[in-house]
Amino acid sequence: MDYINVTIRPMTKEDLPSVMEIERLCFINPWNEEQFIYEIEENVYSNPWVVELSNTNSDNVAIVGFCVYWQTFDSATICQIAVHPEIQRRQLGSAMMDEIINDCYAKRVQTLTLEVRKSNTKAINFYLKHGFEQVTVKEKYYTDGEDAIYMTRRVDIF
Ligand SMILES: CC(C)(COP(=O)(O)OP(=O)(O)OC[C@H]1O[C@@H](n2cnc3c(N)ncnc32)[C@H](O)[C@@H]1OP(=O)(O)O)[C@@H](O)C(=O)NCCC(=O)NCCS
């Protein structure tokens, strides 16, 4: 398939089969479908998005990644960001991150925050590349006892 269009758009319930597959492939403690439905339908602070690839005629479309970030007043938190393992390292995660940062800037968010597993080197490198800095370590943050690295990025500085 010759993909040429990359679209980042709000997640809908129809996207959930693809989103759940990526979620299961990417995370140790995957969210369940109800959690995503809550983000789509009820959580007014949530921005759940997908990244979609399509060919010229839009007759072949695939959801290959997604992100969820919460915005409350002047700060925002990235809860989830993932790209299908077969198509990682092709700048699709970066496309979503750029969109999140632009959206935060437009909404006058000042600080973007996140937690990432200490062992998740590729995600840590990804966040460092996008201007995040390590602030602290949250010990035993995850239910399996792993520490989290807490990272932040100012949004008003590009
Ligand atoms: C983190 C993630 C979303 C990045 O998405 P991606 O589309 O693969 O990343 P990009 O292609 O945009 O990479 C941008 C930069 O991130 C860093 N990076 C990405 N993957 C990397 C890897 N495997 N090893 C080292 N650095 C990596 C690099 O600096 C890269 O820039 P470069 O390719 O010019 O060297 C993706 O790896 C993923 O889905 N991981 C599993 C889910 C996850 O861990 N999410 C984060 C939870 S906190």
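Residues numbered from 1 in each chain as written. Predicted model: local features only at pLDDT ≥ 70, side-chain atom pairs only at ≥ 80, totals over all residues. Heavy atoms only, no water.

Peer 1: I tried to follow the pairing of strand β2 (residues 46-54) on my own but got confused; where do I start?
Peer 2: Within a regular strand, the side chains alternate between the two sheet faces. Counting buried residues in β2 gives nine out of nine residues, a clear majority hidden from the surface. By the alternation rule, side chains of β2 split into S46, P48, V50, E52 and S54 and N47, W49, V51 and L53, which are all buried. Pairing between β2 and strand β3 (residues 61-72): nine bridges, direction antiparallel. Within β3, the residue paired with W49 across the bridge is C67. As consecutive antiparallel partners, β2 and β3 are separated by six residues, and within that stretch S58 has a phi angle of approximately 55°, a positive value. (Buried < 20%, exposed > 50% of the residue type's maximum accessible area, 1.4 Å probe, protein only. Helix = DSSP H or I, 4+ residues; strand = E, 2+ residues; numbered from the N terminus. Pairing = 2+ DSSP bridges.)

Peer 1: I tried to follow the side chain of S94 on my own but got confused; where do I start?
Peer 2: Take S94: it is sitting in helix α3 (residues 92-106). Other than its neighbours up to four places away in sequence, S94 contacts F126 and H130. (Contact = heavy atoms within 4.5 Å.)

Peer 1: What exactly am I supposed to notice about the site of the ligand here?
Peer 2: Residues in close proximity to the ligand total 21 residues, the closest being R89, Q91, G93, S94 and N120. Here S94 contributes a side-chain N or O atom positioned 2.6 Å from an oxygen atom of the ligand. Sorting the residues of the shell around the ligand by element identifies β4 (75-83), α3, β5 (111-117) and α4 (121-129) as the ones contributing at least two each. The dominant element in the shell around the ligand, judged by the number of residues it contributes, is α4, at six residues. For the shell around the ligand, the residue count by class is ten nonpolar, six polar and five charged. (Near = heavy atom within 4 Å. Polar contact = N/O pair within 3.5 Å; in protein donor to acceptor, adjacent residues only side chain to side chain. Nonpolar A, V, L, I, M, F, W, Y, C, P; charged D, E, K, R; others polar.)

By themselves, these observations are geometric and do not establish any function.
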